[in-house]
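Given next are the chains, with one letter for each unit.
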Amino acid sequence: MPIRSFHPPQRTLMGPGPSDVSPRVLEAMSRPTIGHLDPRFIEMMDEIKQLLQYTFQTKNELTMPVSGPGSAGMETCFVNLVQPGDTVVVCQNGVFGGRMKENVERCGATAIMVENAWGEAVDPGRLEDALKKNGAAKLVAFVHAETSTGAQSDAKALVDIAHRHDCLTIVDAVTSLGGTPLKVDDWGIDAVYSGSQKCLSCTPGLSPVSFGTRALDVIKNRKHKVQSWFMDLNLVMAYWGSGAKRAYHHTAPINALYGLHEALVILQDEGLESAWHRHQRNHEALRAGIEAMGLSFVVKPEARLPQLNSINIPAGIDDAAVRKELLTSYQLEIGAGLGAMAGKVWRIGLMGHTSNPRNVLLCLGALDDVLSRAGARINKGVAVAAASKVLS
Ligand SMILES: *Cc1c(COP(=O)(O)O)cnc(C)c1O
């Protein structure tokens, strides 16, 4: 039997990413493939850079999408800025901080870990203490929006502390970009990476990054070659740099970039601040419904991410069975817990195109039904009404 074309089911993606991709983005990606050095393509690349500068709120010249998922953007930041023998302070409050440690060590550097409870923001006081004890540190890395727990840290405060101790900063903004305020220039962030499939609602596989002048100086004056040929920005810039003349480094993922361009145009047309407000409002509606049902959030209100809602799984309820039922009965995907939180929490994403009132009500109605049928002790039939009240 020959294998036939693949036709995925139509789902609603309310997990930790990918989020729902707008039909406009999918349509853009189906346009004709042209050469990666075609002058029209280069014009579009320049527009992507401008749109990303707006989205990151930066004037940084070196702002572009890395050809690879968020993890490739993460690695690009670390391999370019960290050299063998360096000391890097890494703040951890979830899964992704642990990956930063891995990156630092694979660069031949030492990671000093600042541990924070999972589900809480990074404590600026702890970072300050670590920097006082480790005068040799050159870099501070932390996750702005911890997708594994749903907690948001105060990026500006952490960057200020790092700078007072003469450290550059690497910030993971994979889940924050486009969903909650992120101001790369105002906050003085030196290097930042994100992902295409979270609040930008593009398909996975691209990682927007941006580097400030101080980070660029480090990259240009390295003593050791960047260990990764593919991610060495000194080489990548021959293709993504400015001017009409571009040299081949690797073949850009052409149609994926059409998609990113369209996703960024959608965001530009909505306006960044409107997008932040939309994420907040839909989160508040979801929260009203979740709490009316009698379920609780993992993260305290002041550190809660609107785009990633971690909910404690009620006692006696089978995590996997509920998610499977949501998928089969409602075509609805929500996220499982990650790392230490596996089996204990659900992660409901309201990211990008997914963040709309219809999905809030769909998710609450579906949870109400599936949890009731599973015998959970919840307040039945009230969640949708509680959310509607916030939305109206
Ligand atoms: C999703 C995510 C990543 C990794 O992105 P991929 O595209 O899966 O490689 C890194 N950091 C955070 C905070 C994320 O949410």
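Our subject is the structure that appears above.
Throughout this description, residue numbers start from 1 for each chain and increase along the sequence as written. Totals for whole chains, interfaces and linings use every residue, but because this is a predicted model, local features are given only for residues with pLDDT of at least 70 and side-chain atom pairs only at 80 or more, for both listing and counting. As a rule here, side-chain values cover all heavy atoms of the structure and leave hydrogens and water aside.

Counting from the N terminus, the helices are DSSP H or I runs at least four residues long and the strands are E runs at least two residues long. On a plain count of helices and strands, the protein comes out with 14 helices and 13 strands. On the principal axes, the C-alpha backbone points of the protein span a range of 65 × 55 × 45 Å. If the 39 positive side-chain charges of the protein are averaged to one point and the 39 negative ones to another, these points end up 3 Å apart. The positive count covers Lys and Arg only, the negative count covers Asp and Glu only, and His and the chain ends enter neither. Lys charges are placed at NZ, Arg charges at CZ, Asp charges at CG and Glu charges at CD.

Turning to the site of the ligand, a few remarks are in order. The ligand sits among Pro 69, Gly 70, Ser 71, Phe 96, Val 143, Ala 145, Thr 147, Asp 172, Val 174, Thr 175, Gln 197 and Lys 198. Nitrogen and oxygen atoms within 3.5 Å of one another constitute a polar contact, given that in protein one can donate a hydrogen and the other can accept it, and given that sequence-neighbouring residues count only through two side-chain atoms. Within the side chain of Ser 71, one N or O atom sits 2.5 Å away from an oxygen atom of the ligand. Interatomic distance of 3.2 Å between a side-chain N/O atom of Thr 175 and an oxygen atom of the ligand. For the shell around the ligand, the residue count by class is 5 nonpolar, 5 polar and 2 charged. Being near a molecule or strand, for a residue, comes down to having at least one heavy atom within 4 Å of it. Put simply, Ala, Val, Leu, Ile, Met, Phe, Trp, Tyr, Cys and Pro go in the nonpolar bin, Asp, Glu, Lys and Arg in the charged bin, and everything else, Gly too, in the polar bin.

Two strands qualify as a pair provided DSSP detects at least 2 bridges between them. Read across the sheet, 4 strands follow the order β1-β12-β13-β11 without closing on themselves; strand pairing throughout is mixed. The sheet terminates laterally at β1 (12–14) and β11 (308–312), the two strands that pair on one side only. In this sheet, neighbouring strand axes are inclined to one another by 35 degrees on average, regardless of whether the strands run parallel or antiparallel. For β11 and strand β13 (residues 345–349), the ladder comprises 5 bridges, and the chain directions are antiparallel. In the sheet register, Leu 308 faces β13, and the bridge partner there is Gly 349. Two residues form a contact once any of their heavy atoms are found within 4.5 Å. An axis is simply a line fitted to the C-alpha atoms; with a helix, the fit covers only the stretch in contact. Between two such axes, the angle follows the N-to-C directions and lies from 0 to 180 degrees. Against the sheet, helix α12 (residues 319–330) engages β12 (332–336) and β13, with an angle of about 160 degrees to β12.

A separate point is the sheet that holds strand β10 (residues 206–211). Reading across the sheet, the 7 strands line up as β2-β10-β9-β8-β5-β3-β4 and stay open at both edges, with mixed pairing between neighbours. Each of the sheet's edge strands pairs with one partner strand only, and the pair in question is β2 (62–67) and β4 (110–115). Sheet twist, expressed as the average angle between the axes of neighbouring strands with direction ignored, equals 20 degrees. Sheet analysis places strand β9 (residues 191–193) next to β10, joined by 3 bridges and oriented antiparallel. Counterpart to Ala 191 in the pairing with β10 is Phe 211. Here helix α4 (residues 95–106) sits on the sheet in contact with β3 (87–92), β4, β5 (139–143), β8 (168–172) and β9, set at roughly 165 degrees to β3.

With 17 residues, helix α13 (residues 357–373) should reach 24 Å at 1.5 Å per residue; the first-to-last C-alpha distance of 24 Å fits that figure. Partly exposed describes any residue whose relative accessible area lies between the buried limit of under 20% and the exposed limit of over 50%, with all areas from a 1.4 Å probe on protein chains only and scaled to the type maximum. Taken together, the buried positions of α13 are occupied by Asn 359, Val 360, Cys 363, Leu 364, Ala 366, Leu 367, Asp 368, Val 370, Leu 371 and Ser 372. The secondary structure elements touched by the buried residues of α13 are β1, α11 (272–293), α12, β12, β13 and α14 (383–391). In this structure Asn 356 caps α13, since a side-chain oxygen of it lies 3.1 Å from the backbone nitrogen of Arg 358. After α13 finishes, the residue Gly 375 shows a positive phi value of roughly 85 degrees. One fewer than the residue count of a helix, multiplied by 1.5 Å, yields its expected span.

Moving on, we come to the packing of aromatic side chains. The criterion for an aromatic pair is that two Phe, Tyr or Trp rings (for Trp, the six-membered ring) have centres within 6.5 Å, with stacked assigned to planes under 30 degrees apart, edge-to-face to planes over 60 apart and tilted to the rest. All chains considered together, the criterion is met by 2 aromatic pairs. With centroids separated by 6.1 Å and ring planes inclined at 75 degrees, the aromatic side chains of Tyr 239 and Trp 240 adopt a geometry described as edge-to-face. The same class applies to Tyr 239 and to Trp 240, which are both buried. Remark: a charge is flagged as sitting over a ring if the NZ atom of Lys or the CZ atom of Arg is within 6 Å of the ring centre and within 35 degrees of the ring normal. The residue whose ring lies beneath Arg 304 is Phe 297, and the NZ or CZ to ring-centre distance is 4.2 Å.

To continue, consider the pairing of β8. Most of β8 sits out of view: 5 of its 5 residues are buried. Burial along β8 is two-sided: the residues Leu 168, Ile 170 and Asp 172 and Thr 169 and Val 171 are all buried. By the bridge criterion, 5 bridges tie β5 to β8 in an arrangement that is parallel. Pairing of Val 143 across the sheet is with Asp 172, part of β8. Alignment of β8 against β9, held across 3 bridges, turns out to be parallel. Bridge pairing links Ile 170 to Ala 191 in β9.

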